[in-house]
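Understanding the architecture of this molecule
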Amino acid sequence: MLRKILFALCFSTTSLVLAQTGTIKGTVTDAKTGEPVIGANAVIQGTTIGAATDIEGKFTINNVKPGTYNISISFITYKTHVIPDVVVEAAKISSIEIQLQEDATELKEVVVTGTREINNDFAMIAAIKESKLVVSGISAEQISKSQDRDAAQVVRRVPGITLVDNRFVVVRGLASRYTTVLMNGVIAPSTETDTRAFSFDIIPSSLLDRMLVYKSGAAELPGEFAGSVIQVTTKSATDNNFTNISFSGGYRVNTTFNAFTSQQRSSSELFGFAGSNRNLPAGAPEDYRTITSQEVINQESLKYANSWGTTTANAAPDFRFSVDLGRVFHIGNMKLSGINSISYSNTNQTNEFEFNRNSNYSNFQGQPFFKFTDTQYQNNVRGALLSNWSLNINAANKIEFRNLYTRMGTALTTFREGQDIDKGQDVRNGSFRYIERAIYTGQIEGKHDIIKDKLNISWVAGYTTAQRNEPDWKRYSYRRNTGSGADFELFVPTNAANPANAARFFQDLNEDNITGRADVTYKFKLGSVEESAEVKSGLWYERKDRTFAARQIGFVQRGIIDLETFKKPISEIFVPENIDSQNGFSVTESTTITDAYTANNRMFAGYVSFNLPVTSKFRIIPGVRVENNTIQLKTRDGVGGANVDYPLTSVLPFANISYNITTRSLVRLAYSKTINRPEFRELAPFSFYDFDNQLDIVGNKDLKVADIHNLDLRYEYYPTPSEFVSVGFFYKNFNNPIEARIVTGANNPVVFLDNAREANNGGVEVEVRKQIAYSSPSKFLNNLSVVFNASLIYSQIKLRNDISLTEKAERPMQGQSPYVINAGLFYQDDQSGLQANLQYNVFGKRIVFVGDFEFPTQWEMPRHQVDLTISKRISEKTELKFGVTDLLNAAWIIKEDANLDNKLTDDASDKLIRRTRNGQYITAGVTFRL
């Protein structure tokens, strides 16, 4: 009822205002040819109120006060024409028609050469309109209006997209495994060991030109997706020389200037490289369990430096800088242009987490299992280098060479305190973790017009490499009996190394990817339709190779040790004088044959598609893609090992239909069949201990490929070249979808990957990009625009009979949010150089871990985020920027669904698992354009 009243009030108020003004409409044509003049300026003389003509030569000036006006019409190469005494009456439309005469003396011969811009909102909307697919996107211009610092924060502004762990993309409520990422046309590598996902946080936002999110399939796109194919395009060619230098600092509430604890670190970590002090000792044996000599094991144990100590100091403000260089060179008739960029950031964040677990759900009550408080200190260092070059040989031939290298080092120091109620103990645990991730991606691309406007050939050769290294992840646990008041004592195993106690874990992942593709487009006439039809075909080859190795090493106690030793601080226990394989500590390991694997994926693909304009308004684009893919993975031989050889040929049909209702509106209908393959890690039976969530993650070599049928229907309306409105519907059906679910383990819950039987996913999406006003007397309203998008999503998964015995037979898909909302209010005054932007984001609750009756399903709860950005140009070469991220400082919460009703409430049946707040984040910076 309240919404109806507000709507009626807004409608009646708006109607009253509009009733007091009139409208001027007109059509501008060429006096000689009668063709519409696109982009002509129509202005009320003596004011700045006006409008530009659209592709039909038409313009509209709204909200004009009643009166008599002179209208000036101007455009380059035409004589300016003034229509006098145009009468405007309230609530009426005044129509005029104008024929412009060429101004032969104004211009003689003009030769224009340049590069098509793709990084502004105008070009982004044009790309969406021209696309044959259902697509959304965001441009560098919109990125610059926010405080988004990496590609992950950028992409969540796109309709239907949310983030998991602030770096993995969820599109239309579908987990990150259903999204394929293309980096400048080449499939991007993954730096993640335990998820099938591209980590978007590794790419600084300053290096992006635009991001396009394709939500319907096409024959020329990879066939492995269901959520989307995301095309990330980095900064490319330029027409002008430029040098930009930016500096910014950041203050985070509850972190900056507060006490910040970090591990013993080396100077190389200031640049995202793990120090040599974290490496395995030189000459370390392949397996410590093979050493039988007491003397040798003592020598090997002494090689491990006592690096368990920490230091505490006040956290410095965050720091970021970037330098961008654009240069243009002329070599004869050829033009060579390049954009080179370097960026660096060093940031800190402190979080305090509530962390609980419950058990014994036989009567849907749940008894406390443990209650912990985690204090986590996180330092992120990120550096990136970009070097992109474009060579325009002539009007028909162009070569581009793109390079991007980005590296990120993350130091995580976590202290855990609380009660392990199940064991009747108080605990003080610690985790010292360092993760270094790096990606290099390079492509050389050629575009050739063999026959102008008829035959075109393009090709890409690409190489990407990704590394993820986790050297010397140390974990420990102090314990005492609850209520005893005794000193805490370090727990050290007596026989085998344990991943949670006095443990040192080493992990290394390397992945290389070679891609080659070629596309041929041929245009031809089809019947009497003026626009040409086209046939497009191509070949695609990709080879991906991965090596992965982990070692589970830890200290164990031998013989008789003074009990007072275990009460000392962790930095004073594993000192040289306590290393003794007979009466002290020594290293051993629990590495298994599944802790290392080699894998490769080979894909050959070919496609053909047709673009058939049946009439001037109706278009059909059918196509088919055939992918022959083979996944191979092998662990070391032995009990529990795996040897996977999984060849599969997939025939994937596609069809896109569009109908132009008018020149500014159209309808699209799209169908595609796609697939979702298991990733290397998901097939590998490697068991990984997750300290943060206190559970184990295990792969499944028997996973099957999922088949997906996708259907999209969307209406699009383009009021002006800079505005966009769309409403879309989608539906997806999955066979054998892959999900991660919690099963009961011996010590910790185990996250196990498995196929469900079937799933359905559908919903509606709305997107609006709109100026508030064009010709209002209010300058403020003319400079104001809104961006709004929302998705309403429903999904249901049906389990296999053997799984549904321990879980609810039907539930939403993992990672699926029932709704996603993004909204932005943007103010931009080009004359004064002032911009102010307010942006909002929220998503509905979604499943993090699928559970069973022993460990119920865990849900991430909705979180509202509001960001504010203000920038001001103070001179032609200097701009200041200020922003506040996460103004509301809403809590990040995970709860469990104890009664399996897929509803989360505040009653006792649904319990808190994890909760934290990130703190508001304030940034200020300056950009110099030299």
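Each value, and the rule that gives it
- Residues numbered from 1 in each chain as written.
- Predicted model: local features only at pLDDT ≥ 70, side-chain atom pairs only at ≥ 80, totals over all residues.
- Heavy atoms only, no water.
- Helix = DSSP H or I, 4+ residues; strand = E, 2+ residues; numbered from the N terminus.
- Buried < 20%, exposed > 50% of the residue type's maximum accessible area, 1.4 Å probe, protein only.
- Contact = heavy atoms within 4.5 Å.
- Areas by Shrake-Rupley, 256 points an atom, 1.4 Å probe, with all protein chains shown as cover.
- Core = buried A, V, L, I, M, F, W, Y, C linked by side-chain atoms within 4.5 Å.
- Pairing = 2+ DSSP bridges.
- Patch = residues over 30% accessible without salt bridge, like charges linked within 9 Å, V, L, I, M, F, W, Y side chains within 5 Å.
- Salt bridge = Lys/Arg side-chain N within 4 Å of Asp/Glu carboxyl O.
- Polar contact = N/O pair within 3.5 Å; in protein donor to acceptor, adjacent residues only side chain to side chain.
- Axes fitted to C-alpha atoms, helices over the stretch in contact; angles between N-to-C directions.
- pLDDT = per-residue confidence, 0-100.
- Phe/Tyr/Trp six-rings, centres within 6.5 Å; stacked < 30°, edge-to-face > 60°.

Bringing the overall build of the chain into the picture now. Helices and strands together make up the secondary structure of the chain, namely 8 helices and 49 strands. Burial analysis of the chain (930 residues in total) assigns 54% to the buried set. At a minimum sequence separation of 6, the contacts of the chain that also span at least 24 residues come to 71%. As displayed, the chain offers around 39,700 Å² of accessible surface, 56% of which is attributable to carbon and sulfur atoms.

Tyr597, Leu633 and Val751 are the most contacted members of the largest nonpolar core, which has 26 residues in total. Of all the secondary structure elements, the ones that give two or more residues to this core are β25 (503–524), β26 (533–558), β28 (596–613), β29 (618–635), α6 (680–683), β33 (695–698), β36 (738–743) and β37 (750–755). Considering each element in turn, this core owes the most residues, 3 residues, to β36. When residues no more than four places from it in sequence are discounted, the contact partners of Val751 are Leu695, Asp696, Ile697, Val698, Ala740, Arg741, Ile742 and Phe849.

Bridge count for β26 against β28 is 16 bridges, and the pairing is antiparallel. In the strand pairing of β28, Lys544 is matched with Asn601. The pairing of β28 with β29 spans 15 bridges and is classified as antiparallel. In the strand pairing of β29, Gly606 is matched with Val626. Hairpin geometry of β28 and β29 is characterised by an intervening segment of 4 residues between the two adjacent antiparallel strands.

Judged by side-chain polarity, Ile657, Tyr659, Ile661, Leu669, Leu711, Leu713, Tyr715, Tyr717, Val727, Phe729 and Tyr731 come together as a nonpolar surface patch covering roughly 910 Å² of accessible area. Secondary structure elements with two or more residues in the nonpolar patch: β30 (643–662), β34 (706–717) and β35 (724–735). Take the nonpolar patch: its biggest share by element is 4 residues, from β34. With respect to the helices, strands and loops of the structure, Tyr659 is situated in strand β30. A residue is classified by how much of its surface remains accessible, and Tyr659, at 38% relative accessible area, is partly exposed.

Pairing is mixed across the open sheet formed by 5 strands, whose spatial order is β8-β13-β14-β11-β12. The open sheet is flanked by β8 (135–139) and β12 (186–187), the only strands paired with a single partner. One ladder, built from 2 bridges, connects strand β11 (residues 179–183) with β12; its direction is antiparallel. If you follow Met183 over to β12, its bridge partner there is Val186.

Here we come to the side chain of Asn513. Assignment of secondary structure puts Asn513 in strand β25. By relative accessible area, Asn513 is classed as buried at 1%. Within the structure, the side chain of Asn513 is placed 2.9 Å from the side chain of Glu542, a separation counted as a polar contact. Not counting residues up to four positions away in its chain, the partners in contact with Asn513 are Ile187, Gly462, Tyr463, Thr464, Glu542, Arg543 and Lys544.

With that out of the way, let us pick up the pairing of strand β15 (residues 242–252). In this structure, β15 lies alongside strand β18 (residues 318–331), joined through 9 bridges in antiparallel fashion. Paired with Gly249 across the bridge in β18 is Phe319. Bridge count for β15 against strand β49 (residues 921–929) is 9 bridges, and the pairing is antiparallel. Within the sheet, the bridge partner assigned to Ser248 lies in β49 and is Gly925.

So, on to the side chain of Asp30. Relative to the helices and strands, Asp30 is located in strand β1 (residues 22–30). Sequence-distant contacts of Asp30, defined by excluding residues within four places in its chain, comprise Glu35, Val37, Tyr78, Leu100 and Glu102.

If you walk across this open sheet you meet the 4 strands as β32-β33-β37-β36, and the pairing is mixed. On the outer flanks of this sheet lie β32 (687–690) and β36, each paired with one strand and no other. Sheet twist, expressed as the average angle between the axes of neighbouring strands with direction ignored, equals 30°.

Per-residue confidence for the chain gives a mean pLDDT of 84, with 88% of residues at or over 70. Mean pLDDT across the elements of the chain bottoms out in helix α1 (residues 2–19) (39) and peaks in strand β24 (residues 489–490) (96). Across residues 1–19, where pLDDT falls below 50, the model places 3 contacts with residues more than four positions away in sequence or in other chains. Note on residues 104–116: pLDDT under 50 across the span, and 11 contacts to partners over four residues away in sequence or across chains.

Here we come to the pattern of salt bridges. When the charged atoms of two side chains lie near each other, side chains of opposite charge can form a pair. The full count for this structure, using the stated rule, is 37 salt bridges. Salt-bridge contacts for Arg915 lead to Glu354; the nearest nitrogen and oxygen are separated by 2.8 Å. Of this pair, Arg915 sits in strand β48 (residues 910–916) while Glu354 sits in strand β19 (residues 334–359), placing them 561 residues apart in sequence. Glu354 gets classed as partly exposed once you look at its relative accessible area, which sits at 33%. Between Arg428 and Glu417 there is a salt bridge; the shortest N-O distance is 3.9 Å. Residue Arg428 is found in strand β22 (residues 425–451), and its partner Glu417 is found in strand β21 (residues 397–420); the two are separated by 11 residues along the sequence. We classify Arg428 as partly exposed; its relative accessible area is 41%. In the salt-bridge network here, residues are joined through shared partners; they are Glu224, Arg625, Glu627 and Arg677.

Let us now look at the packing of aromatic side chains. This structure, assessed with the given rule, holds 29 aromatic pairs. Relative to Phe372, the ring of Phe355 lies with its centre 6.3 Å away and its plane at 65°, an arrangement referred to as edge-to-face. Taken together, the residues Phe355 in strand β19 and Phe372 in strand β20 (residues 367–394) connect sequence positions 17 residues apart. For the ring pair Tyr541 and Phe604, a centre distance of 4.9 Å and an interplane angle of 45° mean the geometry is tilted. One end of the pair, Tyr541, is in strand β26; the other, Phe604, is in strand β28, and 63 residues separate them in sequence. The class for Tyr541 is partly exposed, based on a relative accessible area of 28%.

The next point concerns the environment of Leu784. In this fold, Leu784 is placed in strand β39 (residues 784–798). Residues Leu784 and Leu825 lie 41 residues apart in sequence; the distance between their C-alpha atoms is 7.3 Å. Beyond its immediate stretch of four places on either side in the chain, Leu784 contacts Gln771, Ile772, Ala773, Leu825, Phe826 and Tyr827.

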